[in-house]
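# Breakdown of the fold
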Amino acid sequence: MEDAIDFEKNSYGKVVYRRVQRLRKKGRKRGIDVPYLNYELTKPEKPRMAFLLIAIIAAILLTGVLVGTVFLYTEFIKETSIFKDIGEVFQVLFDPQTFLLTLGLSSIPAIMIIIAYLMLFGLILIPVLLIIYFYNAIYNIFYMSKCSKEEFAKGHVIFSRIRNLSIIIFIATVILILALLSNSVEFIKILVGAIYAGVVIALGGLLALMVFERSKCKKWFDNLEDDKKNNYLSHDQALYNVKKRIQSDRTAFSNLFNK
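Residue numbers run consecutively from 1 along every chain, following the written order of its sequence. Thresholds applied to this predicted model are a pLDDT of at least 70 for local features of residues and 80 or more for the giving and counting of side-chain atom pairs; totals over whole chains, interfaces and linings are not thresholded and use all residues. The basis for every side-chain value is the complete set of heavy atoms in the structure, and neither hydrogens nor water enter the calculation.

### Structural notes on the overall build of the protein chain
Strands are runs of DSSP state E lasting at least 2 residues, helices are runs of H or I lasting at least 4, and numbering of each runs from the N terminus. In terms of regular secondary structure, the protein chain is built from 10 helices and zero strands. Burial here depends on accessible area, computed with a 1.4 Å probe over protein chains only, as a share of the maximum for the residue type. Under 20% is buried, over 50% is exposed, and the range in between is partly exposed. When each of the 259 residues of the protein chain is scored for burial, the buried share is 31%. A sequence separation of at least 24 residues applies to 81% of the contacts in the protein chain between residues at least 6 apart. The Shrake-Rupley method, run with a 1.4 Å probe, gives the accessible areas here. Residue values count only the displayed protein chains as cover. When the accessible area of the protein chain is evaluated, it comes to approximately 17100 Å², of which 68% is carbon and sulfur surface. By definition, residues are in contact when any of their heavy atoms lie within 4.5 Å.

### Examining the packing of aromatic side chains
Stacked, tilted and edge-to-face are the three classes assigned to paired rings of Phe, Tyr and Trp, where Trp is represented by its six-membered ring and a pair needs centres within 6.5 Å; plane angles under 30 degrees give stacked, over 60 edge-to-face, the rest tilted. Overall, the coordinates contain two aromatic pairs when judged by the stated rule. Between Tyr-139 and Tyr-143, the aromatic rings sit 6.3 Å apart at their centres with planes inclined by 25 degrees, giving stacked as the arrangement. Of this pair, Tyr-139 and Tyr-143 both sit in helix α6 (residues 107-144), four residues apart, roughly one helical turn. Classification of Tyr-139 by relative accessible area gives partly exposed; the value is 28%. A relative accessible area of 10% means that Tyr-143 is categorised as buried.

### As for the pattern of salt bridges
The salt bridge definition used is simple: a Lys or Arg side-chain nitrogen within 4 Å of an Asp or Glu carboxyl oxygen. In this structure the tally under the stated criterion is four salt bridges. Sharing partners across several salt bridges, the network here consists of Arg-48, Glu-213 and Lys-216.

### Observations concerning the state of the cysteines
To count as a disulfide, a pair of cysteine sulfur atoms needs to be within 2.5 Å. Inspection of the entire model under this criterion finds zero disulfides. Residue Cys-147 stays outside any disulfide, its sulfur separated by 7.5 Å from that of Cys-217, the closest cysteine.

### A few points about the side chain of Ser-145
One can find Ser-145 in the loop between α6 and α7 (149-154). Once residues lying within four places of it in the same chain are set aside, the contact partners of Ser-145 are Pro-44, Pro-47, Arg-48, Phe-51 and Leu-52.

### Observations regarding the nonpolar core
We call a set of buried residues a nonpolar core when its members are Ala, Val, Leu, Ile, Met, Phe, Trp, Tyr or Cys and they connect through side-chain atoms within 4.5 Å of each other. Core analysis: the largest hydrophobic core is formed by 34 residues, its most contacted members being Tyr-12, Phe-51, Met-144, Phe-152, Met-210 and Tyr-232. Put simply, the parts of the chain that give this core at least two residues each are α2 (14-29), α3 (49-78), α6, α7, α8 (156-181), α9 (186-222) and α10 (226-258). The biggest single contributor to this core is α9, with six residues. The contacts of Tyr-12, once residues within four sequence positions are left out, are Tyr-17, Val-20, Leu-37, Leu-41, Tyr-143, Glu-151, Tyr-232 and His-235. Ranked by size, the runner-up nonpolar core spans five residues in total, among them Ala-58, Leu-62, Phe-134 and Ile-138.

### Re α9
One fewer than the residue count of a helix, multiplied by 1.5 Å, yields its expected span. Relative to the 54 Å expected for 37 residues at 1.5 Å per residue, α9 spans 51 Å between its end C-alpha atoms, a close match to the ideal helical length. Note on bend: the value at a residue is the angle between axes fitted to the seven residues ending there and to the seven starting there. At Gly-204, α9 shows its largest kink, close to 30 degrees. For α9, the full list of buried residues reads Lys-189, Leu-203, Gly-204, Leu-206, Leu-207, Met-210, Glu-213, Arg-214, Cys-217 and Phe-221.

### Brief notes about the packing of α8 against α9
Axis lines are fitted through C-alpha atoms, for helices just across the contact stretch, and the angle between N-to-C directions can take any value from 0 to 180 degrees. Running from N to C, α8 and α9 cross one another at 155 degrees; their axes reach a closest spacing of 9 Å. With respect to α9, the axis of α8 lies roughly antiparallel. Seen along the crossing, α8 lies across α9 with a hand that is left-handed. Partitioned by chemical class, the residues of the contact of α8 with α9 number 19 nonpolar, four polar and three charged. We call two directions roughly parallel when the angle between them is under 35 degrees, roughly antiparallel when it is over 145, roughly perpendicular when it lies between 65 and 115, and oblique otherwise. Handedness of a helix crossing follows the sense of rotation of the near helix relative to the far helix, less than a right angle counterclockwise being left-handed and clockwise being right-handed. Any residue that is not Ala, Val, Leu, Ile, Met, Phe, Trp, Tyr, Cys, Pro, Asp, Glu, Lys or Arg is counted as polar, Gly included; the first ten are nonpolar and the last four charged.

### Observations regarding a positive patch on the surface
Like charges within 9 Å and nonpolar side chains (Val, Leu, Ile, Met, Phe, Trp, Tyr) within 5 Å are joined into patches, using only residues over 30% in relative accessible area that form no salt bridge. Only four residue types enter the charge count, namely Lys and Arg as positive and Asp and Glu as negative; His and the chain termini do not. Taken as the charge centre is NZ of Lys, CZ of Arg, CG of Asp or CD of Glu, depending on the residue. Taken together, the side chains of Lys-14, Arg-18, Arg-19, Arg-22, Lys-25, Lys-26, Arg-28, Lys-29, Lys-243 and Arg-250 present a region of like positive charge at the surface. For the positive patch, the secondary-structure elements that each account for two or more residues are α2 and α10. Per-element accounting of the positive patch gives the leading share, eight residues, to α2. Here Lys-26 is to be found in helix α2. Residue classification places Lys-26 among the partly exposed residues on the basis of a relative accessible area of 35%.

### Observations concerning the environment of Asn-38
For Asn-38, the location among the structural elements is in the loop between α2 and α3. The exposure class assigned to Asn-38 is partly exposed, which follows from its relative accessible area of 46%. Expressed as a C-alpha distance, the spacing of Asn-38 and His-235, which sit 197 residues apart in the sequence, is 9.9 Å. Apart from residues lying up to four places away in sequence, Asn-38 is in contact with Phe-7 and Asn-231.

Below is the structure:
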């Protein structure tokens, strides 16, 4: 077993290796055994340069988002003095005498102010979510530049990424068609078209690259020894089964509170 664990350490990156071990432990609790790898997965001779280039471009974009976020928060902090004014407004609106005289209607402006500031905080969170998304995307692309041929050929993670990118592009295409067929102003159509072009160039290019690499690795995988094939396929399938079971358990748990 120790040799098998060593194979997995040499086959996966540190983050993915820890993730595999966590899934193995969770699988045992659910009666699913994740087979250990009995050989070291085959890494490419050199990093896949196309993925490396895309990851670098994404990292540059992330830097821009970070700079924009810092600027946004700086400007927001400068305006924090407005909260003092809000406190004074609330004192007037929620004054018991004013509340009674207006039959409670004086609370409506205060509620509207609260909703407005909640929306403002929501807008501020968007850059943070973008940073998290870009960071995860950059890590995943970097990992794909050096991950094993087995993972690219038959791994469920690569397949799910290809599927998700396909769904995003499909949804973007539907939105574009609806925008072009609608009676919206020409500017809106041009804006939607520009956004769609950006999505297709960025995500479509990555998708095409992933499909091409997966197809190439599948041909390589077909010539792999049968014992290695079966070992990796059973290992990867078990990891996928654990993830599905965890998702199913979470859904069942949440349903208990929705009844």
